[in-house]
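Letter by letter, the chains look like this.
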Amino acid sequence: LSDRFFPYTAIQTDAVLSLDEHTSLSTSEVDFAFVVWRSFPERIVGFPTRSHFWDAEQRRWGYTSKWTNELSIVLTAAAFYHRYPAGEGPAGWGARPHPAPPPRSLPRYYHSLFTEYLPAGLRELVDGLAACEDILMNVLVAAVTKLPPIKVTQRKQHKEPVPQQVKGTAGAAGSRRFTQRQDCLNQLADWFGYMPLVSSQLRLDPVLFKDQVSVLRKKYPRLEKP
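Here, residues in each chain are numbered from 1, in the same order as that chain's written sequence. With the structure being a predicted model, the display of local features is reserved for residues of pLDDT at least 70 and the display and counting of side-chain atom pairs for 80 or more, all residues being used for whole-chain, interface and lining totals. Only heavy atoms go into the side-chain values, all of them from the structure, while hydrogens and water stay out.

Undergrad: Quick rundown of the packing of aromatic side chains? Include the residues and the values.
TA: Pairing of aromatic rings covers Phe, Tyr and the six-membered ring of Trp, with a centre-to-centre limit of 6.5 Å; geometry is then stacked below 30 degrees between planes, edge-to-face above 60, and tilted otherwise. One pass over the full model with this rule turns up seven aromatic pairs. With a centroid separation of 4.9 Å and an interplanar angle of 55°, the aromatic rings of Phe6 and Tyr8 are classed as tilted. According to the relative accessible area criterion, Phe6 is partly exposed, its value standing at 35%. Given a relative accessible area of 44%, Tyr8 falls into the partly exposed group. With a centroid separation of 5.5 Å and an interplanar angle of 55°, the aromatic rings of Tyr63 and Phe178 are classed as tilted. Residue Tyr63 is located in strand S4 (residues 60-64), and its partner Phe178 is located in helix H5 (residues 170-192); the two are separated by 115 residues in the primary sequence. Linked through ring pairs, Phe5, Tyr81 and Phe114 together constitute an aromatic cluster. For each residue, the accessible area found with a 1.4 Å probe, counting protein chains only, is set against the maximum for its type, and the residue is called buried under 20%, exposed over 50%, and partly exposed in between. By the criteria applied, helices consist of DSSP H or I runs no shorter than four residues and strands consist of E runs no shorter than two, each listed in order from the N terminus.

Here it is in structure tokens:
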């Protein structure tokens, strides 16, 4: 699973649009997300979000998919991020993830940081759980930028896929996947020595979104179609 973030030489654009096979987006959604990403190229910009929180009773980090005002993770099932070298772009990119900066010889793109700088044990962890390579990418970007991801408008609520199961076992499979992702989040915090994820309440919508005006005046009309 972690191979999706391999620094393939075929990727020549600054922007990387990450999609899962089950993702369905309109051209308006993609266009608007790209416009937002161009204003915040150091961040992950996308649609489905999740959040983390500290569970004082359990004394561990919790992971939730509930739709609230808080977010700290944008799922790479539908997201833009930059392949630009960390620390060599706009001001504020200088921070690098724990424990030490990568050698100067590395092309320090997010893909290269993920594949060549992160300890192999972390990639083995996410591959073994088969459930949290997107969480690791969010943790990595947050550790580099010290900033949260950005959510943009979407038409439909994203649901994480659950592998096909024997009838009556889908609920158990979904619960198991959720537990794996929560365990992964805590193991990543242990690896980094702190919780890099940053929470936010920001969501960006197009001008006139949901306003009672003619759809002909709106730049992204398909965002509001059922």
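Now that the structure is up, let's keep going.
Undergrad: I'd like to hear about the nonpolar core, residue by residue, with values.
TA: If you look at the biggest cluster of nonpolar residues, it comprises 36 residues, and the most contacted ones within it are Ile135, Leu136, Met137 and Leu188. Only strand S5 (73-74), strand S6 (78-82), helix H2 (110-117), helix H3 (120-129), helix H4 (133-145) and H5 provide two or more residues apiece to this core. By residue number, the principal contributor to this core is H4, which donates nine residues. Residue contacts for Leu188: discarding those within four places in its chain leaves Leu122, Leu125, Ile135, Leu136 and Val139. Working definition of a nonpolar core: buried Ala, Val, Leu, Ile, Met, Phe, Trp, Tyr and Cys residues. They are joined through side-chain atoms within 4.5 Å. A contact between two residues is defined here by any heavy atoms of the two lying within 4.5 Å.

Undergrad: Provide a residue-level description of the pattern of salt bridges, including the pertinent values.
TA: Any two side chains of opposite charge can pair, on the condition that their charged atoms come close. Basic side-chain nitrogens of Lys or Arg form a salt bridge, by our definition, when they fall within 4 Å of a carboxyl oxygen of Asp or Glu. Enumeration over the complete set of coordinates arrives at five salt bridges. In this structure, Glu42 engages Arg43 in a salt bridge whose closest nitrogen and oxygen atoms are separated by 3.9 Å. Asp134 is the partner of Arg181 in a salt bridge, and the nearest nitrogen-oxygen pair spans 3.1 Å. With Arg181 in helix H5 and Asp134 in helix H4, the pair connects residues that are 47 residues apart, well separated along the chain. No difference in accessibility class separates Arg181 from Asp134, as the two residues are buried. A network of salt bridges, in which partner residues are shared, links Arg4, Asp20 and Glu133.

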